[in-house]
Amino acid sequence: MTTETGSGQMVRALTWKGAFWVAAGVPPLVLFSIGGIAGTTGKLAFLVWMISMVMGFLQSFTYAEMAGMFGNKSGGTSVYGATAWLRYGKLIAPLSVWCNWFAWSPVLSLGCAIAAGYILNALFPIPLADSQPVLDWVTANIASYTAETQSVIDYMAANAGTAVQDAINAVAAADGVAALTPAFRGWEAFAITIPGLGTLHFNSTFVIGVILMLIILMIQERGIASTASAQKWLAIIVLVPLLLVGLVPILTGAINWMNVTNLVPPTAAYSGVDGEWNIGGWTLFLGGLYIAAWSTYGFETAVCYTRELKDPKTDTFRAIFYSGLLCVVFFFLIPFSFQGVLGQEGMLAAGIVDGTGIGEALGNMISDNPLVTHVFVILMIMALFLSIMTAMAGSSRTLYQGSRDGWLPKYLGEVNSHGAPRNAMWTDFAFNVILLALASDVGGYFYVLAISNVGYILFNFLNLNAGWIHRIDSAHMERPWKAPTWLIGVNTLLAFVNALFLGAGAKVWGYENALWSGLIFAAFIFPVFWYRHYIVDGGKFPKEAYEDMGLAYGEMGEKKAGFLPYLALILGACVVLWSNWFFVLPG
């Protein structure tokens, strides 16, 4: 560990404020799924965000304690918690780290997919059906349509009772929009269908997304201090206007209280019709809590940089605590004002659900001035950059520390002259190029999100239980900050609440097999770890891994918790399986 660049090691160049600014990319994560959660849970959406944020804030105190125990580790709380499980099964520890990584890493592809959509809308817009160019095109070509035109016949068959002239007008308008849409907007080089996964689209969204990821990669190549500096100014530019979006509607009385009262789930996802609190309604509600956790718990990334903090003993708690407070403000205000102004109907608009119309909606919440709307569209792209920067910085360090601790391939444990984990960042990039191709349409977007969140909930379950395991097995280790014992107990209960979300909620997002797909991907770590640990390292972990736990080389220490960790795993699996069986979608 060093304070000098060019040493081939990570550099202690960060204060808690720097870690706070790197984690400031978490609040904009609300924009990734605000439309999807609104459509799925209806009037309950803002309540879902608030409950999830409270859970995330409480859980962070367990993570803050563990972070302080490992001042020489990078990679975040999954790494610190994973060490608690080593005594009870070598496969469990790398599973926690792997699940955390494949939950965070897709922020790159999902964020770039949305950002690419904004850029396409700005540079290659699809004309509106009632725009003047389309109307002119229709006027010039309407004579070529008759009742015998096949597209008119098809339209009338699909819309029974439509008059011939109305059908002609509708078909002509649609053809006009298609004719005037820039070719690049619909361009696709090719697509590959992978059974059991989905279709990879190598289209315009993919090309722009790859370019954006490369730009972010180049920024982070210069090290964590440079990244934190860029994040600070980007966060100020993005978060201040975003805060206004949450406050202005409340202060000006623009909230329609009918939109945030009579809180019941919808009859079905995206129905927009109030339902009731039956099993189907509870399933939708739990599905909302399941996907919201991917965003609201995310500020735990503030402790990914412990190895790069100047004073890890004091800075780790401050970084995660103040990052949590920041997220409480945004995850409470933004969903509430968004729903209060737009209502269910507004939140079900196509541009809200796929994310590309959120910037315009946010601008309209403050002013009906077109200039304000354009500014917010630009801010949305910057907000996405902020989130992607946070995700790449955190997820690459998880890969780095996983390598240093002997869980992942050795090549991931190398850094460049600025102390940045270059190989891990490029691995993140390569993985997300594939995910970007999958997420280049709306269906694939939510599939990636649902599967990655399987890993995130698994990580949180293992990590919250790691808190009490460390208390028993690693009582000898110094804790610069210690959470109240009662809170460790509460967070242990929340681990099983998260297991409930996983079993009930993964199926809500349009993919019945999302839970099983996520579990299969989680299992990929087993052959990776087996090769690294038993073939490369001969069945022992690197020396520094034992030193971090205060153990002699090759010794795992006494299993003071006995059978309790295994009991927690069994109960967790039972909760997941039971809730997946019991909770079913409406209808």
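Residues numbered from 1 in each chain as written. Predicted model: local features only at pLDDT ≥ 70, side-chain atom pairs only at ≥ 80, totals over all residues. Heavy atoms only, no water.

S.K.: Explain the overall build of the protein to me, please; I cannot follow it from the model alone.
M.R.: When helices and strands are tallied, the protein shows 23 helices and two strands. Over its C-alpha trace the protein gives a radius of gyration of 25 Å, about what one expects of a compact globule, namely 25 Å for 587 residues. The dimensions of the protein, computed from C-alpha atoms along their principal axes, are 85 × 55 × 50 Å. Looking at the protein residue by residue over its 587 residues, the buried ones come to 57%. Intrachain contacts of the protein at a sequence separation of at least 6 include 80% that bridge at least 24 residues. In the form shown here, the protein has an accessible surface area of approximately 22100 Å², with 66% of it arising from carbon and sulfur atoms. (Helix = DSSP H or I, 4+ residues; strand = E, 2+ residues; numbered from the N terminus. Rg over C-alpha atoms; globule rule 2.2 N^0.38 Å. Buried < 20%, exposed > 50% of the residue type's maximum accessible area, 1.4 Å probe, protein only. Contact = heavy atoms within 4.5 Å. Areas by Shrake-Rupley, 256 points an atom, 1.4 Å probe, with all protein chains shown as cover.)

S.K.: Would you explain the side chain of T205 in this entry?
M.R.: Note that T205 resides in helix 10 (residues 204–220). Ignoring anything within four residues of it in the chain, the contact list for T205 reads A113, A116, L120 and S440.

S.K.: Quick question: what am I supposed to make of the packing of helix 10 against helix 16 (residues 370–404) here?
M.R.: Two packed helices can be described by the angle between their axes and the distance between those axes. With their axes 10 Å apart at the nearest point, helix 10 and helix 16 run at an angle of 60 degrees to one another. In terms of orientation, helix 10 and helix 16 fall into the oblique class. The crossing of helix 10 and helix 16 is right-handed. Contact with helix 10, carried on its side by L212, M213, I215, I216, L217, I219 and Q220, involves F385, I388, M389, M392 and A393 of helix 16 and no other residues of that element. (Axes fitted to C-alpha atoms, helices over the stretch in contact; angles between N-to-C directions. Parallel < 35°, antiparallel > 145°, perpendicular 65-115°, else oblique. Left-handed = near helix turned anticlockwise from the far one by under 90°.)

S.K.: Teacher, can you tell me more about the nonpolar core here?
M.R.: In a soluble, globular protein the nonpolar side chains are often hidden away together inside. Residues F32, Y290, F338, I358, L362 and W407 are the most contacted members of the largest nonpolar core, which totals 175 residues. Top contributing element to this core by residue count: helix 18 (residues 442–473), with 15 residues. Discounting residues that sit within four places of it in the chain, W407 has contacts with V79, A82, T83, L86, A93, P94, V97, G402, I525, F529, R532 and F541. (Core = buried A, V, L, I, M, F, W, Y, C linked by side-chain atoms within 4.5 Å.)

S.K.: Help me out: how do you make sense of the packing of aromatic side chains in this one?
M.R.: Geometry of an aromatic ring pair is reported as the spacing of the ring centres plus the angle between the planes. Here the structure, examined in full by the defined rule, presents 38 aromatic pairs. Their ring planes at 40 degrees and their centres at 6.4 Å tell us that Y297 and Y456 sit as a pair that is tilted. Remark: Y456 occurs in helix 18 and Y297 occurs in the loop between helix 12 (279–296) and helix 13 (312–347); sequence separation between them is 159 residues. Residue Y456 is classed as buried on the basis of its relative accessible area of 1%. Against the face of W233 rests K232, its NZ or CZ located 5.3 Å from the ring centre. (Phe/Tyr/Trp six-rings, centres within 6.5 Å; stacked < 30°, edge-to-face > 60°. Lys NZ or Arg CZ within 6 Å of the ring centre and 35° of its normal.)

S.K.: Mind showing me how you'd approach a nonpolar patch on the surface here?
M.R.: On the surface, a cluster of nonpolar side chains totalling about 520 Å² of accessible area is made up of I472, F563, L564, L567, I570 and L571. No other element matches helix 23 (residues 564–582), which puts four residues into the nonpolar patch. Summarising the element assignment, I570 is placed in helix 23. The partly exposed category is assigned to I570, whose relative accessible area is 45%. (Patch = residues over 30% accessible without salt bridge, like charges linked within 9 Å, V, L, I, M, F, W, Y side chains within 5 Å. Salt bridge = Lys/Arg side-chain N within 4 Å of Asp/Glu carboxyl O.)

S.K.: Please explain the environment of G56 as it appears in this structure.
M.R.: One can find G56 in helix 3 (residues 45–69). Exposure remark for G56: the relative accessible area of 4% places this residue in the buried category. Once the C-alpha coordinates of G56 and G402 are considered, the two residues, 346 residues apart in sequence, prove to be 24 Å apart. Setting aside anything within four residues of it in sequence, one finds G56 in contact with Y297 and F299.

S.K.: Where do I start with the pattern of salt bridges in this structure?
M.R.: Opposite charge on two side chains allows them to pair when their charged atoms are near. Taken as a whole, this structure holds five salt bridges when the rule is applied. Residue D274 is joined to K43 by a salt bridge in which the shortest nitrogen-to-oxygen separation is 3.3 Å. Taken as a pair, D274 in the loop between helix 11 (224–251) and helix 12 and K43 in the loop between helix 2 (30–41) and helix 3 lie far apart in primary sequence, 231 residues in all. Exposure remark for D274: the relative accessible area of 31% places this residue in the partly exposed category. With a shortest N-O distance of 2.9 Å, R479 and E65 are connected by a salt bridge. Of this pair, R479 sits in the loop between helix 18 and helix 19 (485–505) while E65 sits in helix 3, placing them 414 residues apart in sequence. Put simply, E65, R471 and R479 are held in one network by salt bridges that share partners.

S.K.: Got a minute to help me understand the environment of S96 in this structure?
M.R.: Summarising the element assignment, S96 is placed in helix 5 (residues 92–104). We classify S96 as buried; its relative accessible area is 1%. As for S96 and D537, which are separated by 441 residues in sequence, their C-alpha atoms are 20 Å apart.

S.K.: Looking at this model, I keep getting lost on unusual backbone geometry. Mind explaining?
M.R.: What is expected of a backbone is that most residues other than glycine have negative phi and most peptide bonds are trans. Phi is positive for N262, which is not a glycine, with a value near 55 degrees. Residue placement: N262 occurs in the loop between helix 11 and helix 12. If you check the backbone angles, Y270 has positive phi at about 65 degrees while not being a glycine. The topology assignment puts Y270 in the loop between helix 11 and helix 12.

S.K.: Explanation requested: the packing of helix 1 (residues 16–23) against helix 13 in the structure shown.
M.R.: Remark: helix 1 packs on helix 13, axes separated minimally by 8 Å, with the N-to-C direction vectors making an angle of 35 degrees. Seen along the crossing, helix 1 lies across helix 13 with a hand that is right-handed. Contact residues: W16, A19, F20 and A23 in helix 1; D315, R318, A319, Y322, S323 and L326 in helix 13. Broken down by class, the residue content of the contact of helix 1 with helix 13 amounts to seven nonpolar, one polar and two charged. (Nonpolar A, V, L, I, M, F, W, Y, C, P; charged D, E, K, R; others polar.)

S.K.: Mind showing me how you'd approach the side chain of S105 here?
M.R.: Tracing the chain through its elements places S105 in the loop between helix 5 and helix 6 (107–123). S105 gets classed as buried once you look at its relative accessible area, which sits at 0%. Within the local environment of S105, its side chain forms a polar contact with the side chain of N432, the two groups lying 2.8 Å apart. Excluding residues that lie within four positions of it along the chain, S105 makes contacts with S395, D428, F431 and N432. (Polar contact = N/O pair within 3.5 Å; in protein donor to acceptor, adjacent residues only side chain to side chain.)

S.K.: Whenever I open this one, helix 9 (residues 164–180) confuses me. Can you help?
M.R.: Along an α-helix, residues three or four positions apart point the same way, because every turn accommodates 3.6 residues. Helix length check: helix 9, at 17 residues, gives a terminal C-alpha distance of 24 Å against a target of 24 Å (1.5 Å per residue), a fit within 8%. A167, I168, V171, A172, A173, G176 and V177 are the residues of helix 9 that are buried. Buried positions along helix 9 lie against helix 7 (132–141) and helix 8 (150–158). (Expected span 1.5 Å × (residues − 1).)

S.K.: Looking at this structure, how should I read the confidence of the model for the protein?
M.R.: The predicted coordinates ought not to be read in detail in places where the model reports low pLDDT. For the protein, per-residue confidence averages 86 on the pLDDT scale, and 95% of positions sit at 70 or higher. This stretch, residues 1–8, has a pLDDT under 50; its non-local contacts, to residues over four places away or in other chains, come to 16 contacts. (pLDDT = per-residue confidence, 0-100.)

S.K.: Please explain the environment of P565 as it appears in this structure.
M.R.: Structurally, P565 can be placed in helix 23. Overall, the relative accessible area of 0% leaves P565 in the buried class. Between the alpha carbons of P565 and L462 there is a distance of 9.6 Å; along the sequence they are 103 residues apart. Setting aside anything within four residues of it in sequence, one finds P565 in contact with W85, Y88, W468 and I469.

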